[in-house]
Amino acid sequence: GKRLTAILLQSDKPISPLFRCRIPLPGGEQTELSFSKNNILRKETPIMKTVADKKLVVGADFAGVALKDAVVAHLERHGWEVEDIGVKAGDPNPEMFHRIGFAVGAKISEGEYEKGIVFCGTGMGIHIAAGKCPGVQAACCESLMAARRATTGNNCNILSMGGMYVAPQLGI
């Protein structure tokens, strides 16, 4: 699978990082990112899949899979191209919410996709995991007005919904 990649371009002077983090990747691997005032994050990615092109990435854990399936079916009926990197219905060995949230967040952070939607039982845990990726602003939404405000007013690039709280009719 893909890894969260970043190339840091530094000034000539040695400087101490303001932010350094180790990010766990699937399979037990880790990557380390560090940022400072003089660092510039450059993403090496081909063309980003944008909302204007009707393309987005989704992911769900076992508790959000039913809501995700309803939302994805609705989007596909309306011409959207959706990459689903989460749990599928009936998966005998499902991934946990934090791994899926991080995987969707990494797709946004790497610049592969502009926007994403994640689903778990409450929407809280998966949105926290997605928000750990650099450049990701995730919002947990339980209403249409909250989702609109999160994307238009707060510039969120990942929306999260909870399968235990959001009915499929509201989710679509």
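Starting from 1, residues in each chain are numbered consecutively following that chain's sequence as written. A pLDDT threshold of at least 70 governs which residues receive local features in this predicted model, and a stricter bar of 80 or more applies before side-chain atom pairs are shown or counted, although totals over entire chains, interfaces and linings include all residues. Side-chain measures here rest on the full set of heavy atoms in the structure, leaving out hydrogens and waters.

Novice: Help me understand unusual backbone geometry, please; the structure alone is not making it clear to me.
Specialist: Trans is the prevailing form of peptide bonds, just as negative phi is the prevailing case for residues other than glycine. Non-glycine residue lysine 54 carries a positive phi angle of around 60 degrees. Secondary structure counts use DSSP, requiring at least four H or I residues in a row for a helix and at least two E residues in a row for a strand, with both numbered from the N terminus. Along the chain, the position of lysine 54 falls in the loop between strand S4 (40–42) and strand S5 (55–60). Positive phi outside glycine occurs at asparagine 155, with the angle close to 55 degrees. Turning to its location among the elements, asparagine 155 is positioned in the loop between helix H4 (144–152) and strand S9 (158–162). A simple rule labels every residue: compare its accessible area, found with a 1.4 Å probe on the protein chains alone, to the largest value its type can have, and call it buried under 20%, exposed over 50%, or partly exposed in between. For asparagine 155, a relative accessible area of 54% puts it in the exposed group.

Novice: Would you explain the pairing of strand S7 (residues 116–120) in this entry?
Specialist: Sheet faces and side chains relate simply in a regular strand, where the side chains alternate between the two faces. Counting buried residues along S7, 5 of its 5 residues qualify, which places the element largely inside the surrounding structure. Here S7 shows no split at all, with Gly116, Val118 and Cys120 on one side and Ile117 and Phe119 on the other all buried. Taken together, the 4 bridges between S5 and S7 define a ladder with parallel strand orientation. Following the sheet pairing, glycine 59 is matched in S7 by valine 118. Of the pairings in the sheet, the one linking S7 to S9 comprises 5 bridges and is parallel in character. By the bridge assignment, glycine 116 is partnered in S9 with isoleucine 158. What makes two strands pair is DSSP finding at least two bridges between them.

Novice: Explanation requested: the layout of surface pockets in the structure shown.
Specialist: Rolled over the atoms, a probe sized like a water molecule indicates the empty space that remains. Computed over the protein atoms alone on a 1 Å grid, cavities are sets of points where a 1.4 Å probe fits but cannot get out and pockets are open sets with protein on both sides within 12 Å along at least five of seven lines; a residue lines them when it has an atom within 4 Å of a point. Grid points are joined across faces, edges and corners, and a volume is the space filled by probe spheres set on the points. Each pocket or cavity is described by its volume, and for the largest pocket that value is around 560 Å³. Lining the largest pocket are 24 residues; nearest its centre among them are Ile117, Ala147, Leu159, Met161 and Gly171. The element that contributes the greatest number of residues to the lining of the largest pocket is H4, accounting for 4 residues. The classification used treats Ala, Val, Leu, Ile, Met, Phe, Trp, Tyr, Cys and Pro as nonpolar, Asp, Glu, Lys and Arg as charged, and all other residues, Gly among them, as polar. Taken together, the residues of the lining of the largest pocket sort by class into 15 nonpolar, 6 polar and 3 charged.

Novice: Looking at this structure, how should I read helix H2 (residues 97–109)?
Specialist: A turn of α-helix holds 3.6 residues, and therefore any two residues three or four places apart point the same way. Compared with the 18 Å implied by 1.5 Å per residue over 13 residues, the 18 Å span of H2 between its first and last C-alpha is a close match. Of all the residues in H2, the buried ones are Ile100, Gly101, Phe102, Val104, Gly105, Ala106, Lys107, Ile108 and Ser109. Glycine 111 sits one or two residues past H2 and shows a positive phi near 85 degrees. Helix span is expected to be 1.5 Å times the residue number reduced by one.

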